[in-house]
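# Reading the structure
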Amino acid sequence: HSSPVQPGDKPSEIDEVHQRKEVCHWPCRCPPVPACTPGVSLVKDGCGCCKVCAKQAREPCNEADVCDPHKSLYCDYSKDEPRYEKGVCAYLVAVGCELNGVYYLNGQTFQPNPLYKCLCISGAIGCTPVFTPRLATSPCTRVTGRKKSGQSICGLGQHKHLQSTNYRLMSAYRSLPLVLKKKCLVQATPWTPCSRTCGIGISSRVTNDNRKCEMKKEKRLCFIQPCLNNMLKKIKIPKGKPCQPTFQLPTAEKLLFSGCSSTQSYRLTFCGVCLDKRCCIPNKSKMITIQFECPNEGFFKWKMMWITSCVCQRICSAPGDIFSELKVL
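Residues numbered from 1 in each chain as written. Predicted model: local features only at pLDDT ≥ 70, side-chain atom pairs only at ≥ 80, totals over all residues. Heavy atoms only, no water.

Taking an unreviewed UniProt entry as the reference, the chain is identified by name as WISP3 protein belonging to Sakesphorus luctuosus. As stated in UniProt under Sequence similarities (unreviewed entry), the record for the chain gives "Belongs to the CCN family." The annotation that UniProt attaches to the chain under Subcellular location (unreviewed entry) is "Secreted". (UniProt positions renumbered as here; feature names shortened; annotations may be inferred.)

Structure follows, in structure tokens:
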């Protein structure tokens, strides 16, 4: 038995811990499910009761008010010794992110595109649209004395402003047809643009088309154009036309990749060029497997995109532009 606390004695650390405020109460009584702002996770509170908007970096937290787990945040109680009752949301130590040659720290917010604000989380990048908050009062003029009282009139610019606040974000990936394969609903994102505009590059996608039906990243080689000087002079564009969508080199050649060469020679179809500002990109393609031989190191195989046709368009995006498929409507 512990000795009773005498008047004037200082409470021990154990007593202080016992004085922690109870933040969870049962049975659960939950308010309506909140609407979280874009980029904030809707999660179950730490009591296991109600749906709440997760706390963000540098916001106060406790056992009930949990930090956003999808952003690698945790509740840091280190500054509330010895009770450890109130904390602050902080990022777990993790790797940063790289985008278009720029390195961002874990937890860093940045805006690489005027339409999107992004956040680096443990090597992954998440983005939300930048939008103008709705005005407190309607910018539209109320008109009285008409058949319908209180009818509002908005100018075209005002309508556009109102529409910009009610945005819808399109998925970063276009949805592809789904296939049922061995009790697995096969899904895949489109292939990303080739990492290089000339020479052999790499494109990737995420798919569950594997034995375990798990979503995994898949890579393939891509070869849009050879790296030729003065491309316009070497490709014949038909008279009266601004573009030559596809072309081939005169002879079949071996492909070079990572210091190794293909065991066979190939006469590939490449995307062409235009006299105007249009760019030509692959339109139809198939997949082949190419075997490479390395000096004194053996063989390896890579899947590769075999271009069958190209299309020339005015909308051109740089390789690695993750925003080329995104639009705010």
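Picking up where we left off.
This brings us to the environment of S261. Tracing the backbone through its elements, the reader meets S261 in strand β19 (residues 260-266). According to the relative accessible area criterion, S261 is partly exposed, its value standing at 24%. Setting aside residues no more than four positions away along its own chain, S261 makes contact with L255, L256, Q291, F292 and E293. (Helix = DSSP H or I, 4+ residues; strand = E, 2+ residues; numbered from the N terminus. Buried < 20%, exposed > 50% of the residue type's maximum accessible area, 1.4 Å probe, protein only. Contact = heavy atoms within 4.5 Å.)

Time to look at the pairing of β19. Across 4 bridges, the pairing between strand β18 (residues 253-257) and β19 is antiparallel. Looking across to β19, one finds that K254 is bridged to S265. (Pairing = 2+ DSSP bridges.)

This part covers the side chain of T269. One can find T269 in strand β20 (residues 269-274). Relative accessible area serves as the criterion here: at 15%, T269 is assigned to the buried category. Within the structure, T269 has its side chain in polar contact with the side chain of Q248 (distance 3.3 Å). Not counting residues within four places of it along the chain, the set of residues in contact with T269 comprises T246, F247, Q248 and I307. (Polar contact = N/O pair within 3.5 Å; in protein donor to acceptor, adjacent residues only side chain to side chain.)

Enumeration over the complete set of coordinates arrives at 12 disulfides. Across a sulfur-sulfur distance of 1.9 Å, C24 and C47 are joined as a disulfide pair. Its S-S torsion of about -85 degrees marks the bond between C24 and C47 as left-handed, since a negative value means left-handed. Here the residue C24 occupies a position in the loop between α1 (13-18) and β1 (42-44), and C47 occupies one in the loop between β1 and β2 (51-53), the gap between them amounting to 23 residues. Look at C47 and you get buried, because its relative accessible area is 14%. At a sulfur-sulfur separation of 2.0 Å, the disulfide partner of C61 is C75. Classification of the bridge connecting C61 and C75 rests on its S-S torsion, roughly 95 degrees, and on that basis the disulfide is right-handed. Linking C61 in strand β3 (residues 60-61) with C75 in strand β4 (residues 73-76), this pair joins segments that are 14 residues apart in sequence. In terms of burial, C61 and C75 fall into one category: buried. (Disulfide = S-S within 2.5 Å.)

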